[in-house]
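# Architecture and fold: a report
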Amino acid sequence: MNHNSPRDISGLLEELGAGLKKRWGQNFLISGDVRTRIIDLLDIEPGAAVWEIGPGLGSMTEELLERGAHLTAFEIDWAFVRFLGDTLGARFEHFNVVQGDAAKTLIEVQAEHGNPDYVLGNLPYSVASAIIAVLLENGISAKRMVVMVQRELANRMVAGPGTKDYSAFSVLCGTRARMRKVFDVTPGCFYPAPEVVSSVVEILPGTEHEIRDPVLLSRLVRELFSSRRKTIRNNLKGSGLAAEYGLERLLDAFETTSIDTSVRAEALSTQDFVRVANALA
Ligand code: SAM
C-alpha cells in the first residue's frame, strides 16, 4: 500500500473492518519526507534493538525494518496488531508486536528483556505525556528516543524555569534526560488532519543529577506545582508530603539547600528540585 495516500489508508481500514478511533489518536503520517526525517534522526545501526510505540499501519515500522532494526512494536489496536503480524511479520525475522496499552506493556517488556537501544513513536495525543512519563520514571533507557507529540506538549518538555510552559512535566523531563525540539509538523502531513501542530522531540536519556529517591522527587515536584500561583511554602502547607514528613522537616530541606520558600515553584531549576529531594531523602 501507499502510506502517503489517504485513499489507500481508508481502503485498508475498511478491509480490516477497523474504523478510525479518535480516542486512540489514530492520525497517520502521510508525508514520506517527514517519516524519513524522523527515522534519520533516530540514526540506528543494523541489528539495533528498537522499540516503536504506536506503529499503526506500519509506515515507519517498515522503513525501520528495512534499515535492519530488530523491532518490537507496541500497539493497542488488535486490527493493526494482526495486520502488522500478517504483513511485516511474514517478511522480517526480527519483528514482533506487543498488543496492549504501552503505558503498561513497555514496563513488562523492559522487565523481561531489558532496555532497547532506540525508541521511536508518533505518539497518540491523549496519552503522550503519560507514555513519556512511564519511559522516564521507570528508567527505560536508550541511546536516543525520538517522539512526535502535540507542539504544546513539546514546548513543556523543553521549557526552562520562569517561562509560562515550565511545569511539573518539564522538571520530570529535565531531571531524567536532555530534550531537544527538532522541527514542527503541520496538520496537513497527517490523515485525518488533527486540529493542532505537532513537533518532533529528541530525548537523550541520562543526566548528571544523582537522584537518591526518584519516587520522592516526582512527588515533591507534583506537590510544589499543585497550585502554580502559590509560593512553595504555601503549597507545602497541607500537602501530602507535609502530612508524612512534617512541615518542619520539609522546610529544613529547603534551608539546608539555601532555596527560598517564598518564591513559586516555577522559579526553581531542575537541579534545585533534585537538591531538595535528595536532602529530604
Ligand atoms: N505510527 C503511525 C503513523 O505514524 O502513521 C500511527 C501513529 S498514530 C498517531 C498513534 C498510534 O498509537 C495508533 O496506531 C494507535 O492505535 C496507537 N495507540 C493509541 N493509544 C495507544 C496506547 N495506549 N498504547 C499503544 N498504542 C496506542
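A brief structural summary. Quick caveat, the model's predicted, so the values are computed rather than measured. Here the residue index of a chain counts from 1 through its sequence in written order. Where totals are concerned, whole chains, interfaces and linings use all residues; where local detail is concerned, this predicted model gives features only for residues with pLDDT of at least 70, and gives and counts side-chain atom pairs only at 80 or more. By convention in this description, side-chain values take in all heavy atoms of the structure and omit both hydrogens and water.

Paired strands are those between which DSSP finds at least two bridges. The helix count covers DSSP runs of H or I at least four residues long, the strand count covers runs of E at least two residues long, and both are numbered beginning at the N terminus. Here 7 strands make up an open sheet; going across it, the order is β4-β3-β2-β5-β6-β9-β7 and the pairing mixed. This sheet does not close on itself; its edge strands, each paired only once, are β4 (95-99) and β7 (177-185). Across this sheet, the average inter-strand angle for adjacent strands is 20 degrees, counted without regard to direction. The contact definition used throughout considers only heavy atoms, calling two residues in contact when any of these lie within 4.5 Å. What counts as an axis is a line fitted to C-alpha atoms, over the stretch in contact for a helix, and the angles between N-to-C directions run from 0 to 180 degrees. Contacts from helix α2 (residues 32-42) reach β2 (49-53), β5 (118-122), β6 (144-150), β7 and β9 (198-205), with the element oriented near 145 degrees to β6. Relative to the sheet, helix α4 (residues 78-91) contacts β3 (70-75) and β4, its axis offset from that of β4 by approximately 170 degrees.

Each residue is assigned to one of three classes by its accessible area relative to the maximum for its type, calculated with a 1.4 Å probe on protein chains only: buried under 20%, partly exposed between the two thresholds, exposed over 50%. For α2, the complete set of buried residues consists of Gly32, Val34, Arg35, Ile38, Ile39, Leu41 and Leu42. Asp43 lies just past α2 and shows a positive phi near 55 degrees.

Quick look at unusual backbone geometry now. With an omega dihedral of -10 degrees, the bond running from Tyr191 to Pro192 counts as a cis peptide bond. Within the secondary structure, Pro192 is located in the loop between β8 (190-191) and β9. Of note, Asp43 is a non-glycine position whose phi angle comes to about 55 degrees, a positive value. For Asp43, a relative accessible area of 48% corresponds to the partly exposed category. Of note, the phi angle at Ser258 is positive, near 55 degrees, even though the residue is not glycine. In this structure, Ser258 sits in the loop between α12 (247-256) and α13 (270-280).

Near, as used in this document, describes a residue that has one of its heavy atoms within 4 Å of the molecule or strand being considered. The local shell around the ligand holds 21 residues, among which Gln26, Gly54, Glu75, Ala102 and Asn122 are the closest. By the criterion applied in these results, polar contacts are pairs of N or O atoms within 3.5 Å in which, for protein atoms, one can donate a hydrogen and the other can accept it, and in which residues neighboring in sequence qualify only through two side-chain atoms. Within the side chain of Glu75, an N or O atom sits 2.6 Å from an oxygen atom of the ligand. Using the Shrake-Rupley algorithm and a 1.4 Å probe, accessible areas are obtained, with residue cover drawn only from the displayed protein chains. Surface burial for the ligand is 97%, taken as the share of its 600 Å² of free accessible area covered by protein chains. Residues were grouped as follows: Ala, Val, Leu, Ile, Met, Phe, Trp, Tyr, Cys and Pro as nonpolar; Asp, Glu, Lys and Arg as charged; and all remaining residues, including Gly, as polar. In terms of residue class, the shell around the ligand is made up of 10 nonpolar, 8 polar and 3 charged.

These results come straight from atomic positions and should not be treated as a statement about function.
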